Structure formats: structure tokens, C-alpha cells
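Summary of the model geometry
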Amino acid sequence: MQLVIVESPAKAKTIEKYLGSDYRVLASYGHVRDLPPKDGSVNPDEGFAMEWENYADKTKQLKAITDLAKTADRLILATDPDREGEAISWHVQEVLKNRKALPKDVQRVTFNAITKATVTEAMKHPRELDTDLIDAYRARRALDYLVGFTLSPVLWRKLPGAKSAGRVQSVALRLIVEREREIEAFRAQEYWSVAAQMEQDGTPFTARLTRWNGDKIDRLSIGDEATAMRAKADVEAGHFTVQSVETKPATRNPPPPFTTSTLQQEASRKLGFSADHTMRIAQSLYEDGAITYMRTDGVQMDSSAISAARLAIANRYDAGYVPDKPRHYTSKAKNAQEAHEAIRPTDFGKDRAGSGDHGRLYDLIWKRALASQMASARLERTTVELAEGTGRTALRATGQVVLFPGYLTLYEEGTDDSADEDARRLPRLRDGDAPAKKAVDAEQHFTQPPPRFSEASLVKRLEELGIGRPSTYASIIKTLKDRSYVRTEKNRFFAEESGRLVTAFLERFFERYVGYDFTAGLEDELDEVSGGRAEWQAVLEAFWKDFKPRTSEVMEQKPSEVTAELDKFLAPYLFPERADRADPRLCPNCGVGQLALRGGKFGAFVACSNYPECKYTRRFGQGGAAEDGAALENEILGNDPDTGLPIERKSGRFGPYVQLGDGKEAKRASIPKDIPELDLEWAIKLLSLPRTIGTHPETAEPILASIGRYGPYLQHAGKYARLTSTEEVFETGMNAAVVKLAEAAAGGGRPQRGAAREPLKVLGKHPRTEAEIKLMEGRYGAYVTDGETNATLPKSIEKDALTLEEAAQLIDARAAAAPAKPKKKAPAKKAAPKKAAAKAPAKAAAKKAPAKKAAPKAAKEA
């Protein structure tokens with residue numbers, strides 16, 4: 001028996017179908033062990049020795065692998081063809097070696113696509129584990145551990161409220177924060193544009209003012225309305241004729257097939273997917289055998305794939321769309337490793353795979369890969385100059401004509417910027433023509449700050465700088481969001497003030513280690529290790545000998561000294577110059593003290609130097625603090641209109657809350673997470689809870705709405721119903737409350753145990769058997785059934801997008817794969833028992849009954 005190890009059960013199931021009966025394929029479910037999250041897991045004093053620990057939730061998988069490995073003749077490690085895949089194989093091998101269950105024959109195979117031909121061919125060419133890739137993995141893992149477990153404690157002690165720092169995560173955060181600073185420092189400049197709406201032979205076009213009073217007009221030349229109106233009047237009064245028409249041929253070549261990075265960028269632009277979502281969908285498509293491996297920065301396709309793409313183009317279009325020679329691409333990205341193919345379909349003849357988001361992403365991959373081998377688009381770019389009689393005022397119109405669309409017929413790459421004005425269509429114009437002038441417009445504009453990063457543009461910038469690897473970008477972005485260092489609005493990143501504070505701390509005290517060049521240089525060194533050109537321990541030693549002393553030096557500083565340095569560093573942000581030239585640090589409360597950054601139990605805040613006489617404080621704005629329950633200082637929101645007592649916002653060990661009054665008589669209420677912005681009105685509402693909605697019409701008992709440990713709820717006669725938001729606590733009326741309570745009493749509308757489930761959807765009759773097909777929700781996910789055969793929906797098909805034909809195919813495939821059911825034998829007719837013998841069987845059964853007790857014991861031993 002030959003044991004094959006892969007990462008995922010879906011991959012295992014697919015591969016086992018391709019191999020013979022002598023093979024068993026098991027999944028490791030990803031990594032099986034890691035460095036335990038405690039000090040000492042990496043020991044720099046002993047050659048960076050690492051202490052590995054098996055994941056607790058992988059016990060079952062490891063036992064299954066170990067048991068089969070003991071009886072296997074050969075172990076085949078078939079994890080993904082990259083550094084992480086090599087590491088998983090190495091970890092499995094080490095675990096089996098430690099358990100003395102490692103077969104004598106151990107081999108490594110890799111394949112770029114999960115198809116029968118690719119897998120069976122890979123099995124014919126096994127190799128040894130790549131020690132260089134394993135060393136590169138160990139170096140990266142040790143680096144990330146050492147940075148996290150050395151730098152994060154410094155943050156916790158010197159910067160209260162900070163959560164963590166990471167080798168690449170912190171650099172990505174710095175990019176977002178620096179863009180925020182650029183936007184804040186930006187000062188908009190007014191400018192005006194003047195354009196004439198013209199028409200020639202029934203075709204409208206726009207011509208912009210480029211020369212006025214003999215002077216060239218640039219974008220910022222006209223800076224006020226009065227000047228713009230004078231220019232507009234001159235254009236309206238002028239009679240313009242065509243002075244020149246310049247036509248230039250242009251060619252647009254198709255972009256290369258997707259890499260991990262470009263797939264994340266394009267899926268963000270065109271489909272609105274996050275990087276994390278894109279990678280999860282791509283993983284499913286890969287495991288279903290629809291696309292090649294999706295973690296790659298190579299842009300080249302296999303020669304057989306190129307031939308298949310060219311054939312598909314010829315079948316789909318005419319011969320003019322197939323270039324004379326196949327296209328070959330090379331990556332321009334820094335640190336590109338082109339050992340793997342670009343992301344492409346495994347079958348170019350298949351233009352659809354999956355449904356919903358799976359289908360949309362596959363369509364994008366298929367079109368991009370096919371377009372990469374199509375003919376270039378041929379364009380004609382035209383520039384028309386128009387002038388009035390004196391030549392002192394001139395207009396210009398630009399546009400283009402697509403002479404042959406080529407690859408644009410199928411695919412056009414998205415951009416983060418607005419459309420190019422040159423792409424507009426122009427009518428045919430000749431020298432001396434005098435197009436009709438329909439209108440003249442003068443428009444006010446303002447220069448715009450640089451745009452905030454989207455996921456696509458952030459990934460692109462990280463790749464340009466050579467920071468991180470494309471396969472890690474999704475997890476980096478997710479970490480920044482989870483730490484509340486950034487937030488996203490309309491798919492753009494905004495730096496939270498906690499993120500700004502952490503970045504300021506790292507820039508001030510660890511400038512080198514959040515430097516773009518240093519981080520990219522470290523990536524180069526790690527790539528040297530993976531290429532066998534550098535020794536991994538030497539790379540770690542060079543990093544550690546400078547990093548460790550620096551962290552020790554910062555750790556020795558007092559928190560007040562750190563805060564004072566940050567106060568200086570952040571002064572332009574915390575205390576910007578005021579329009580009235582007054583001192584920006586002057587306390588607005590006492591008018592005497594100076595404002596400065598201070599450190600508190602729950603993070604940084606701004607306070608008056610006259611404390612405790614002046615208790616003025618201003619939140620630094622610890623991003624996500626309200627969610628984490630870390631209010632910085634007590635804040636008086638106002639006075640209660642009924643009692644006149646002050647209402648304060650406070651923070652306790654269980655989170656932020658509002659308080660009315662003092663002492664034991666004080667009333668308190670927790671602040672829910674979904675309140676957009678706490679003010680006096682909201683505080684009064686929260687303190688008024690529970691709210692009596694009214695009397696139940698059937699029981700005459702009161703119905704109350706309030707907020708408890710598990711969120712907002714309704715209460716009536718000892719029964720409860722859940723509400724979805726804090727607003728519902730104050731807005732739910734009597735009718736809605738009665739309905740919600742009734743639904744909760746009936747089990748929330750869920751079927752009782754043993755009750756027949758209602759279908760999610762009736763899809764229609766099976767096109768071949770006429771049986772009605774229903775979509776159902778089961779214990780383990782959605783499935784389709786025709787009453788006799790149940791078929792689970794694969795990951796790549798979303799239940800909301802499932803079609804009748806897809807459901808029928810799933811049922812047919814499941815029915816064909818199911819073993820034939822043995823026919824039940826007709827029970828033999830028993831002779832009527834005699835009365836005298838009627839008690840004998842009962843006695844025998846009674847004697848045999850105790851034997852059943854042995855079964856649990858045997859099961860336990862097994």
C-alpha cells in the first residue's frame with residue numbers, strides 16, 4: 001500500500017479517484033504543527049533551534065496518518081508546489097519520524113494542476129524534499145516569531161493599548177498611515193477648464209482650450225472664475241477651423257495571465273472581492289481541478305497550455321485573432337520567483353466552472369489567460385488642433401478609433417484610475433473644416449489629494465516595493481483589520497488612530513525595521529536561502545545581532561520618556577497650526593496649561609499640564625477602543641434633564657459604560673458596540689432601560705425591551721426573544737414584539753427534531769427521470785435530492801445560483817457512484833407457535849440480553 005499525503009480533504013478525494021487501488025490518500029488539513037506561542041520557541045543562543053508543537057486540533061488526522069504509515073510500503077508527500085507546501089511535507093515527515101512510523105521509502109511529488117494527466121505524470125517523477133525551501137521556511141517563520149515575540153512586549157509596556165507588530169504587517173500599515181498624512185497635508189488648489197461642445201457631420205465631440213491670448217494653457221493656468229469667464233467669452237466669440245489633424249497608429253498588447261498579486265488586484269477592481277475572499281475561492285477552484293495552482297508570481301504558461309489556448313482562440317474567433325507566434329511573458333515585479341506557471345484554466349475548452357462567486361472568478365481567470373495569447377489591438381489615435389482667425393486662441397480634441405479589437409474583444413484590464421479621455425471617439429475631420437460650435441462650458445475644479453489605498457492598489461504597491469510575498473498579502477490585510485489598525489470604507493483603507501500611534505512608535509524607535517528598503521532587502525536574503533545561495537542561520541544572526549540590542553534599549557526607557565518622544569514626533573498631527581495663529585497646545589478649558597500626549601491604562605490621550613486642577617482630556621482616538629472596551633479617561637457627556645446629575649462615560653474591566661450619579665446609588669449601563677457615536681441623547685436612552693413596550697394583549701403581562709449579556713432582547717412572562725440591534729430596543733412596537741415573541745416560542749421558525757424539513761427551493765423536474773428536484777439544507781450543508789438520491793453541493797457551486805441542469809448532473813453523478821443496493825430477501829414464513837412452546841423464546845431472549853453489555857467495552861478498546 002502506498003500512502004499519499006495532501007493538505008485538504010477535497011484535494012485528497014479528487015486525487016484518490018485518479019490513482020489505483022494500491023493508493024490511499026489522506027489530508028493533513030494544512031499545517032500539522034507550529035512554534036508554540038510562548039517565549040523560547042526559537043533559541044538564538046543555540047543556532048536558532050526551534051521547538052515545534054503539534055496542533056491540538058490535528059490529533060485525529062495525525063493518528064490516521066500514523067496508523068496507515070506503519071503499514072505503508074511507500075510515503076508520497078504531495079502537498080502544494082511552493083515553500084509552504086514543502087514545509088507541510090517536512091512537518092509530516094518529522095512527526096512520523098518521531099513516532100517511529102516513517103516508511104523506508106519516502107518521496108516528494110508536486111503538480112501544478114489537479115487533473116488526471118497531471119497527477120499521474122507527477123507520480124512518475126518523484127524527488128527528495130527540497131532542503132533549501134525548508135530552510136527558507138524555517139528562516140521566515142523564525143524571523144516572524146522573533147519580531148512578534150520581541151517587539152510586541154515592548155509595545156505593550158511602552159505603548160498601552162497597542163496590540164501587536166509584525167515584520168511585514170507593520171510596513172504595510174506604514175504605507176496606509178503615510179498616505180493618510182499626505183492627504184492631511186494636501187492643500188486643494190482651485191482651477192478652471194474651458195471646453196467647447198462641437199459637432200461635425202452629426203457626431204458631437206469636445207475640444208478643450210489649450211491656448212489663450214497667445215499663451216499656452218495648462219491644467220492650473222486658469223485659477224479663478226473671473227479669468228475663466230473671460231476665456232469662455234473669447235471662445236464663444238471665436239470662429240474655429242481645423243488647423244491640423246495628426247493621426248498615429250497605436251498597438252495595445254494583452255496583459256499576461258494572472259499571478260497571485262494581479263488576480264487579487266483585478267478581482268478587487270472588477271468583482272469587489274477582498275484579497276482573502278479571492279484566495280479562498282481560488283483555492284476551491286484549484287481543488288476542483290478547474291485552475292492551476294493559485295499561489296505564484298510566474299507569468300508564463302506551459303507550452304501545451306499555450307497551444308491549447310491558441311486552438312481555443314481559433315475555434316472561437318477567426319484566424320486573425322491568433323498571433324503568428326505564441327506570446328511569452330516575463331515578470332517585472334521585484335523578487336519574482338517564476339518557478340511556477342501563471343494562474344490559468346486546466347481546460348481552455350471549458351469557459352464556465354462553478355456558480356456564484358466561483359463562476360465569476362473562474363470567468364475572470366479564463367478570459368485573462370485566453371486573452372494573453374490573442375492578437376494585439378490596433379488603434380488609431382487622433383489629435384485635432386482648432387484655432388480662430390488670429391491664432392491667439394486654440395482648442396484641441398483627442399480621441400481614438402479601434403481599427404481591430406484583437407484581445408479587447410474578450411478582455412480589458414481594469415485600472416484604479418478614471419478613464420482616459422483619449423479613448424473617446426472623434427468624427428472624421430480635415431484641414432479647413434469648421435465644426436459647429438454648440439456650447440462653451442467653464443467648469444470649476446480643485447486638485448485632488450492622492451487616493452487612499454484600496455486592496456488592489458495596496459497589494460500592487462507592496463509588490464512593487466518587494467515587500468512580503470503575494471501569497472501572504474491576504475493574511476497581512478486581514479491582520480490589520482482584525483487589530484483595528486485600519487478600517488475600510490467604500491473599499492478604501494483609512495488609518496485608525498491606533499494604527500497611526502503604533503506606526504509613529506515604530507518610526508521613532510525602530511525606523512530601520514519598518515523601512516521599505518530594509519524589508520525588501522530581507523526578502524532578497526530569504527530568496528537567496530530558498531535558492532541555496534545563503535545559509536538560513538547566517539541570515540537570522542545578521543538580523544538578530546542588531547534587532548535584539550535595539551529592543552532592549554527601548555525597553556529600558558521609561559514610558560513617560562517614550563510618550564514625550566512621541567509627543568514631539570506627532571506634534572504636527574496632534575497640535576496643527578491654528579488659523580488665528582494662537583498656541584495650538586493651549587488648554588481650551590483653563591486657558592493656562594499646555595496640552596501634551598500622555599499614556600494611560602487604556603492607551604494614549606491628550607491632557608492638560610495643569611492636572612489635577614484642570615482635568616481636561618481629549619481622546620487620542622484609539623481606533624477600535626470603544627469596541628474593545630478601552631475608553632481612555634472619564635468624560636462628562638452632560639447633565640440628566642430629570643435629576644440634573646452628571647452623566648459620564650467611563651471604562652471598566654468589562655468595557656465602556658455610562659454612569660448617572662455617584663456612589664452606590666449611581667445607575668450604570670454598558671455601551672453597545674453598534675452605537676455609531678455616543679452622545680448625551682444615547683446615554684439617556686441607555687440609562688432608561690429596560691423599556692416597557694406595553695401590555696401583551698393575551699396575557700396582560702408587560703413586554704420589556706432591554707440589552708443583556710448576549711445582546712438586545714425582548715422579555716415577556718419569563719420568555720425571551722432576540723433583537724438584532726440596539727436601535728430595535730427603542731423602536732420595536734407592540735405588534736412587532738408580539739410576533740417576535742410568538743416566533744421565538746415556536747422555535748424561531750426552525751423545524752422540530754424529526755419534523756420534515758421544508759426545501760430551500762424546488763428546482764423543477766429532472767430532465768431525464770421527471771422526478772422533482774429539491775434544494776435542501778442539511779446538517780453538513782446544502783444538498784439536492786430527487787427523493788431517492790441525495791447529492792452534496794461542492795464548494796464551487798453556490799446554492800443561490802444553482803440551476804436545474806447542474807442539480808440533475810450532481811444527482812446523476814452521485815447515483816452512478818453509489819454501490820448497488822443488495823436486494824432484501826423475503827422473510828421466511830414462520831409456523832404458528834404452539835401454546836406450550838410460546839414461553840421458550842422469551843426465556844432464551846432474556847438469557848441472551850446481558851451479553852449486549854460487552855459491546856461498549858469492545859468499542860472502547862478499539
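Each remark here, short or long, concerns the structure printed above.
Given the structure is predicted, the values throughout are model-derived calculations rather than measurements. (Residues numbered from 1 in each chain as written. Predicted model: local features only at pLDDT ≥ 70, side-chain atom pairs only at ≥ 80, totals over all residues. Heavy atoms only, no water.)

1. Regarding the overall build of the protein chain
Secondary structure summary: the protein chain contains 25 helices and 32 strands in total. Considering the protein chain as a whole, with its 862 residues, one finds that 46% of them fall into the buried category. At a minimum sequence separation of 6, the contacts of the protein chain that also span at least 24 residues come to 65%. Carbon and sulfur atoms form 49% of the exposed surface of the protein chain, whose accessible area is close to 46,400 Å². (Helix = DSSP H or I, 4+ residues; strand = E, 2+ residues; numbered from the N terminus. Buried < 20%, exposed > 50% of the residue type's maximum accessible area, 1.4 Å probe, protein only. Contact = heavy atoms within 4.5 Å. Areas by Shrake-Rupley, 256 points an atom, 1.4 Å probe, with all protein chains shown as cover.)

2. Considering the pattern of salt bridges
Inspection of every chain in the model, using the stated rule, returns 42 salt bridges. Across the pair Asp144 and Arg167 runs a salt bridge, and its minimum N-O distance is 2.9 Å. Of the two residues, Asp144 sits in helix H5 (residues 131–158) while Arg167 sits in the loop between H5 and helix H6 (169–185), which places them 23 residues apart along the sequence. On the basis of relative accessibility, which here comes to 35%, the residue Asp144 falls in the partly exposed class. In this structure, Arg179 and Glu182 form a salt bridge, with 3.6 Å as the shortest nitrogen-oxygen distance. With a gap of three residues between them, Arg179 and Glu182 both fall in helix H6, about one helical turn apart. The buried category is assigned to Arg179, whose relative accessible area is 18%. (Salt bridge = Lys/Arg side-chain N within 4 Å of Asp/Glu carboxyl O.)

3. Concerning a negative patch on the surface
There is a patch of like negative charges on the surface, built from Asp22, Asp73, Asp105 and Glu128. Position of Asp105 relative to the elements: it lies in strand E8 (residues 105–108). When its relative accessible area of 31% is taken as the criterion, Asp105 is described as partly exposed. (Patch = residues over 30% accessible without salt bridge, like charges linked within 9 Å, V, L, I, M, F, W, Y side chains within 5 Å. Lys, Arg positive; Asp, Glu negative; His and termini not counted. Charge placed at Lys NZ, Arg CZ, Asp CG, Glu CD.)

4. Overview of the packing of aromatic side chains
Counted under the stated rule, the structure contains 17 aromatic pairs. Both rings, one in Tyr513 and one in Phe518, keep their centres 5.3 Å apart while their planes meet at 85°; by these two values the pair is edge-to-face. One aromatic cluster is present, formed by Phe505, Phe509, Phe510, Tyr513, Phe518, Phe543, Trp544 and Phe547 through successive ring pairs. A cation over an aromatic ring shows up here: Arg174 above the ring of Tyr516, its NZ or CZ 4.8 Å from the ring centre. Directly above the ring of Phe509 sits Arg508, whose terminal nitrogen or CZ lies 4.9 Å from the centroid. (Phe/Tyr/Trp six-rings, centres within 6.5 Å; stacked < 30°, edge-to-face > 60°. Lys NZ or Arg CZ within 6 Å of the ring centre and 35° of its normal.)

5. A word on the sheet that holds strand E28 (residues 719–722)
For sheets, the rule is that strands pair by backbone hydrogen bonds, running either parallel or antiparallel. Strand order in the open sheet formed by four strands is E25-E26-E27-E28, with antiparallel pairing between adjacent strands. The open sheet has two free edges, formed respectively by strand E25 (691–695) and E28, since each of these has just one partner strand. The mean angle between the axes of side-by-side strands here comes to 25°, regardless of whether they run parallel or antiparallel. The pairing of strand E26 (residues 702–708) with strand E27 (residues 711–716) spans five bridges and is antiparallel. Opposite Ile707, over in E27, you have Pro712 as the bridge partner. Contacting E25, E26, E27 and E28, helix H22 (residues 734–745) crosses the sheet at an angle of about 105° to E28. (Pairing = 2+ DSSP bridges. Axes fitted to C-alpha atoms, helices over the stretch in contact; angles between N-to-C directions.)

6. Here's the deal with the sheet that holds strand E29 (residues 761–765)
Spatial ordering of the open sheet is given by E29-E30-E31-E32, a layout of four strands whose pairing is antiparallel. If you trace the sheet from one side to the other, it starts and ends with E29 and strand E32 (790–792), each paired once. Ignoring which end each strand starts from, the neighbouring axes of this sheet average 25° apart. The pairing of E29 with strand E30 (residues 772–778) spans four bridges and is antiparallel. If you follow Lys765 over to E30, its bridge partner there is Glu772.

7. Re the packing of helix H8 (residues 260–271) against helix H9 (residues 275–287)
H9 packs onto H8 with a crossing angle of 115° between their chain directions and a minimal axis gap of 9 Å. Along this stretch, H8 crosses H9, giving a crossing that reads as right-handed. Note on element contacts: H9 touches H8 through Ala275, Thr278, Met279 and Ala282, opposite Thr260, Leu263, Gln264 and Ala267. Classifying every residue of the contact of H8 with H9 by side-chain character gives five nonpolar, three polar and no charged. (Left-handed = near helix turned anticlockwise from the far one by under 90°. Nonpolar A, V, L, I, M, F, W, Y, C, P; charged D, E, K, R; others polar.)

8. Quick look at the pairing of strand E2 (residues 23–27)
The element E2 is extensively covered by neighbouring structure, given that four of its five residues are classed as buried. Pairing between strand E1 (residues 2–6) and E2: five bridges, direction parallel. When the bridges of E2 are listed, Leu3 appears paired with Arg24. Taken together, E1, helix H1 (residues 9–18) and E2 constitute a β-α-β crossover, and its handedness is right-handed. (Right-handed = clockwise from strand over helix to strand, strands pointing away.)

9. Remarks on the environment of Ala12
Within the secondary structure, Ala12 sits in helix H1. According to the relative accessible area criterion, Ala12 is buried, its value standing at 5%. Between the C-alpha atoms of Ala12 and Ala78, which are 66 residues apart in sequence, the distance is 9.7 Å. With residues up to four places along the chain from it excluded, the contact list for Ala12 reads Val6, Val25, Leu26 and Ala27.

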